[in-house]
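What follows is the residue order along each chain.
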Amino acid sequence: TGDAHAFARTATYNMNCASFYGKWMTDIRDAQGEDGAMPDVAPFVEHFGRGHVFFADGGVILPWTLYRVYGDKRVIESNYEAMARWIVWMENDSDENLVRRSESFGDHLSFGAETPRALINAAFFAYSVRLMARMAAEIGREEDSVSYGELFERLKRSFRARFVGEDGRVESETQTAYVLALMIGLIPKEAERAALRRLVDDIRQRDWHMTTGFMGVSYILPLLSEYGETETAYRLLLQETFPSWLYPVRNGATTIWERWDGWNEERGFQDPEMNSFNHYALGSVGEWIYRFLVGIDLDDREAGFRSFRIRPLPGGGISFAGCKYDSLYGRIESDWSIADDGLTLRVEIPANASAEVRLPARADAEIRVDGAPIVADAGDTGGGAQADGFPEGGLPPEGWTFVRRDVWAAYFRVGSGRYEFKAAAW
């Protein structure tokens, strides 16, 4: 269950996983203990047990992921009671300060750094509760949403009191500790930038290598890009020396390994008792490639891909990237290239869908849409669209609408069709 939810966002880009995960969530519910503990493996395997932090949290994280990607509230409704029982189980497993008693695996298969297990326990307890508050609101259970929101606030205060200093320093100062605390919203707003600096400093001091295990690996690159550290994300993505994603590739790997040190030049192979060379948790880096390198991403305000974002973040010395994603509304395409005359972004939006397109562009750069230059005033339109004519959150008219511009990019709202955006300097 841990590997599965770590990889789920990547999996949903690679294939339509709605039916597969929907059926497997039935297996998870069937394997849930009478006391509410979620399983570590489904169908249930006694040897692995139930209730382990991060793994069992998949019973909440997966339904949220599926809802966000496919926009179907039934995945929340069918799993709601099971998820609620899991939250009760965690409360019962905690002392009066909401500190979980059960052990966890820690930052499973981390390399070169040890994150306190108590910190990971507290972080994922808070994360499951935060997601429950959001899911309860989505299906109209307002009282539950308020209750879970209040519990999250208590967990947040407890986490800060135990693990976060006033200067944003997080206990142990590992990459996973900072990633989880920032991603879940457990650090005070005024200390977030200081915490981010410490995260990036640790990566830099390790010569641009990661130490995260399963608990942090699927979140680290998206978090860095969300906070404006995309060049750091590229350094990690393109790192070729051990430990890194490309180290196995440079040494002949054709599949994703279970562990960073499945094999290395110094010690050879890891313990054969647990050393899979065809695993997928570390392959969760695919999410960042789709969402940030190529730029096809969900809209924060609406589940599913009826309304979405295209916001590529070129970098890392890469001159071209592109992909096609078959959403429930049809094919979405995004590809960008860099040449002497600037950056070109080509997109395709399916029928009955719309997108916000973010074109990387310097404030003084000339911008063209389908070959025609635009002015920098919001409201410039093309294809017959009217800037003041489109409903908030609704579908734009045919064509595109220029929305705004800042020092880093120009923003457009586009309806179905194919478009080419070009920035002379980015």
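Parameters at a glance
Residues numbered from 1 in each chain as written. Predicted model: local features only at pLDDT ≥ 70, side-chain atom pairs only at ≥ 80, totals over all residues. Heavy atoms only, no water. Helix = DSSP H or I, 4+ residues; strand = E, 2+ residues; numbered from the N terminus. Contact = heavy atoms within 4.5 Å. Areas by Shrake-Rupley, 256 points an atom, 1.4 Å probe, with all protein chains shown as cover. Expected span 1.5 Å × (residues − 1). Buried < 20%, exposed > 50% of the residue type's maximum accessible area, 1.4 Å probe, protein only. Arc of directions from axis to C-beta. Pairing = 2+ DSSP bridges. Axes fitted to C-alpha atoms, helices over the stretch in contact; angles between N-to-C directions. Salt bridge = Lys/Arg side-chain N within 4 Å of Asp/Glu carboxyl O. Parallel < 35°, antiparallel > 145°, perpendicular 65-115°, else oblique. Left-handed = near helix turned anticlockwise from the far one by under 90°. Nonpolar A, V, L, I, M, F, W, Y, C, P; charged D, E, K, R; others polar.

Focus on the overall build of the protein chain
Point 1. Looking only at helices and strands, the protein chain features 12 helices and 14 strands.
Point 2. Along the first, second and third principal axes, the C-alpha set of the protein chain runs to 65 × 55 × 45 Å.
Point 3. Pairs at least 24 apart in sequence give 63% of the contacts found in the protein chain among residues at least 6 apart.
Point 4. Accessible surface computed for the protein chain: about 18,500 Å², of which carbon and sulfur atoms make up 48%.

Things to note about helix α6 (residues 142–163)
Point 1. Under the 1.5 Å per step criterion, the end-to-end length of α6 is 31 Å for 22 residues, consistent within 8% with the ideal 32 Å.
Point 2. Those residues of α6 that sit buried are Ser 145, Tyr 148, Leu 151, Phe 152, Leu 155, Lys 156, Ser 158, Phe 159 and Phe 163. Down the axis of α6, the sector holding all buried residues measures 165 degrees, keeping them to one side. The exposed set on the far side of α6, more than 90 degrees from its buried face, consists of Glu 143, Glu 150, Arg 157 and Ala 161.
Point 3. Along its buried surface, α6 packs onto α4 (74–92), α5 (117–138) and α7 (175–184).

Some thoughts on the sheet that holds strand β9 (residues 367–369)
Point 1. Read from one edge to the other, the open sheet built from 6 strands follows the order β5-β6-β7-β14-β9-β10, with strand pairing classed as antiparallel. Edge positions in the sheet fall to β5 (320–327) and β10 (372–373), since each has one partner strand and no second.
Point 2. Most of the contacts of helix α12 (residues 285–294) go to β5, to which it runs at about 115 degrees, and overall it touches β5 and β6 (330–339).

Concerning the pattern of salt bridges
Point 1. Tallied over the full model, the rule gives 34 salt bridges.
Point 2. In this structure, Glu 192 engages Lys 189 in a salt bridge whose closest nitrogen and oxygen atoms are separated by 3.8 Å.
Point 3. A salt bridge links Glu 333 to Arg 418; the shortest N-O distance between them is 3.7 Å. Residue Glu 333 is located in strand β6, and its partner Arg 418 is located in strand β14 (residues 417–423); the two are separated by 85 residues in the primary sequence.
Point 4. Salt bridges linked by common partners bring Arg 9, Glu 226, Glu 287, Arg 291, Asp 297, Asp 300, Arg 309 and Arg 311 together as one network.

Quick look at the pairing of strand β12 (residues 400–405)
Point 1. In this structure, β12 lies alongside strand β13 (residues 409–414), joined through 5 bridges in antiparallel fashion. Each residue of the ladder has a partner; that of Arg 405, found in β13, is Ala 410.
Point 2. What sits between β12 and β13 in their antiparallel hairpin is a turn of 3 residues.

Here's the deal with the packing of α5 against α7
Point 1. In contact at an axis separation of 10 Å, α5 and α7 are set at 20 degrees when each is read in the N-to-C sense. Comparing their axes, α7 and α5 come out roughly parallel. Like other packed secondary-structure pairs, α5 and α7 cross with a definite hand, here left-handed. Contacts between α5 and α7 involve Leu 119, Ile 120, Ala 123, Phe 124, Ala 126, Tyr 127 and Arg 130 from the first element and Ala 177, Leu 180, Met 183 and Ile 184 from the second.
Point 2. Here the residues of the contact of α5 with α7 are counted per class, giving 10 nonpolar, no polar and 1 charged.

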